Amino acid sequence: MFSKDLFQESKKFIPGGVSSPVRAFEPYPFFVKKASGSKIYDVDGNKYIDHCLAYGPLILGHADPKVVREVSNQLTIGSAYGAPTENEIILAKEVVDRIPSAEMVRFVNSGGEATMSAIRLARGFTGKDKIIKFDGAYHGAHDYTLVKGKPGEACVPDTKGIPLDTAKNTYSVPFNDEEALSDLIQKDGDNIACLIMEVVMGNIGCIEPKKGFLEFVRKITEENNILLIFDEVITGFRLARGGAQEYYGVTPDLTTMGKIVGGGLPMGAFAGKKEIMELIAPNGPVYQAGTFSGNPISVQAGISTLKQLDDKFYKDLERKGNFLRSNIQSVIDEQGYNITPVGCGSMFQIYFNPAPVYNNEDAHNSDAKRFLRYFRALLKEGVFIPPSQFECNFISSAHTMEDLTQTAEAIEMALEVAFKKKG
Ligand SMILES: Cc1ncc(COP(=O)(O)O)c(C=O)c1O
Ligand SMILES: N[C@H](C=O)CCC(=O)O
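Quick notes on the rules
- Residues numbered from 1 in each chain as written.
- Chains lettered and ligands numbered in written order.
- Predicted model: local features only at pLDDT ≥ 70, side-chain atom pairs only at ≥ 80, totals over all residues.
- Heavy atoms only, no water.
- Core = buried A, V, L, I, M, F, W, Y, C linked by side-chain atoms within 4.5 Å.
- Buried < 20%, exposed > 50% of the residue type's maximum accessible area, 1.4 Å probe, protein only.
- Contact = heavy atoms within 4.5 Å.
- Pairing = 2+ DSSP bridges.
- Helix = DSSP H or I, 4+ residues; strand = E, 2+ residues; numbered from the N terminus.
- Phe/Tyr/Trp six-rings, centres within 6.5 Å; stacked < 30°, edge-to-face > 60°.
- Lys NZ or Arg CZ within 6 Å of the ring centre and 35° of its normal.
- Salt bridge = Lys/Arg side-chain N within 4 Å of Asp/Glu carboxyl O.

> Would you explain the nonpolar core in this entry?
Note on soluble globular proteins: their nonpolar side chains tend to be buried together. Judged by nonpolar contacts, the single largest core of 60 residues is most densely connected at Val95, Phe237, Leu309, Tyr374 and Leu415. With residues near it in sequence (within four places) discarded, Leu415 still touches Val331, Ile332, Tyr337, Ile339, Phe352 and Tyr374. If you look at the next biggest cluster of nonpolar residues, it comprises 41 residues, including Leu58, Val199, Met201 and Phe390.

> Hey, could you run me through the sheet that holds strand β14 (residues 347-351) in this one?
Within a sheet, each strand pairs with its neighbour through backbone hydrogen bonds, oriented either parallel or antiparallel. A sheet is described by the order of its strands in space; here three strands give the open sequence β13-β14-β16, paired in antiparallel fashion. Unpaired on one side and paired on the other, β13 (340-344) and β16 (393-394) mark the two borders of the sheet. As paired elements, β14 and β16 share two bridges and run antiparallel to each other. Note that in β16 the partner of Phe348 across the bridge is Asn393.

> So what exactly am I meant to see when it comes to the packing of aromatic side chains here?
Any two aromatic rings considered together are summarised by their centre-to-centre distance and by the angle between their planes. Following the criterion strictly, the structure yields 13 aromatic pairs and no others. Geometrically, the ring pair formed by Phe175 and Phe213 is edge-to-face, given 5.5 Å between the ring centres and 75 degrees between the ring planes. Note that Phe175 is positioned in the loop between β8 (170-173) and α6 (178-188) and Phe213 in helix α7 (residues 213-223), a separation of 38 residues in sequence. A single burial state applies to Phe175 and to Phe213, both of which are buried. Members of the aromatic cluster, connected to one another through ring pairs, are Tyr337, Phe352, Phe371, Tyr374 and Phe419. Residue placement shows Arg123 over the ring face of Tyr144; its charged tip is 4.8 Å from the ring centre. The residue whose ring lies beneath Lys210 is Tyr358, and the NZ or CZ to ring-centre distance is 4.4 Å.

> Would you mind showing me how to read the environment of Val105 here?
Tracing the backbone shows Val105 in strand β4 (residues 104-108). Each C-alpha atom, one on Val105 and one on Glu88, is 9.9 Å from the other, the two residues being 17 residues apart in sequence. Those residues within four positions of Val105 in sequence are excluded, and the remaining contacts are Ala92, Val95, Ala269, Phe270, Ala271 and Met277.

> In this structure, what is going on with the pattern of salt bridges? I would like to understand it.
Pairs can form between side chains of opposite charge whenever their charged atoms are close. This structure, assessed with the given rule, holds 16 salt bridges. When the shortest N-O distance is used, the salt bridge between Glu9 and Lys12 registers 2.9 Å. Pair noted here: Glu9 and Lys12 are both in helix α1 (residues 3-13), with a separation of three residues, about one helical turn. For Asp188, the salt bridge goes to Lys130, with nearest N and O atoms at 3.2 Å. One end of the pair, Asp188, is in helix α6; the other, Lys130, is in strand β5 (residues 130-134), and 58 residues separate them in sequence. Assessed through its relative accessible area of 10%, Asp188 is described here as buried. Salt bridges linked by common partners bring Arg218, Glu222, Asp253 and Lys273 together as one network.

Shown next as structure tokens:
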């Protein structure tokens, strides 16, 4: 069957035809046949250079041979034990060695589970209930953070199904806004357990912190007995060996991870200072558990992946990122498009918006419809990126310079279509 027919069939049995909403796009998403390295192939016979990369986990590209071999070996000796393994210690040591804030780590099954657990832990540690997030940040599909609000006011649910009573424990402030954060903490800091943040806002495109912002956040949280949680589900092991906290040189109290830590298999983790982590059950009073937590297949994939990520690896990846970003910039400059390319390390995006983008409001001033024209034109040119202005695009080590040159050429063509010079 072709993608078009599979989508019709899928919609009969799976809500919206997809297992996560962002995957659905008009007129229908392509259905995947296989993937290898930097390429993904659909059932309709098309091949794409993949810059979606499963929304971030695949830093080595698809089906890395070493990961495949070692995970396959693990499969033959069991896929779940419900008992601890030595490999969990190996992966835990690897995480602690890399992530500056990590002294201990607990493995879970997804990024969302990691952030939910870290927030509970912060509440348990501080004895306070309220939390702060930044507007537009995504920390998983749980009730604590799927909320929205005006600065200084209690949040309301951002989806049906979340009780108002839950949402009101969260505050949301604009990213990169020191004044809004400072006002809120002055007003209610005594009741706030933690501030959770994406260091680079990867769920409204790709927005870096302004110079000095992270240092400000670190200082004000520390001074007010508020735990700082860096949600590094995207940036962890992507921006540097030690994630965004190494890249920007600011250390939080707790760190949440997902995506890359599981080497392309489902996994999450949260880590932090021993003093805080020791509060988790069975040692302490903060309950946290999971049948598949520390799953041996995911743990092996994590080990097989992280072992390949040394400082040289990140230098190479950054070089590739800079190459692609400078090519995109040249196209934009030559053609005089009024749009804003952004990115860092191996992350990139283009905002269909002429002004600098510092926060959620700026991001949403973009022309999301034009972005979708660009997205569809890119697909025609053989390049797959997430189908949303408000996601981030990624580069893996499997992307060759030839791939990236092709991507830049495809972007040039797709921009022509999006701005109706062509097609
Ligand atoms: C920053 C961030 N935090 C948390 C999550 C949730 O992770 P998961 O989808 O594995 O639950 C995601 C992505 O989904 C994310 O990008
Ligand atoms: N924006 C999400 C996380 O990065 C995309 C993954 C998903 O929700 O399916």
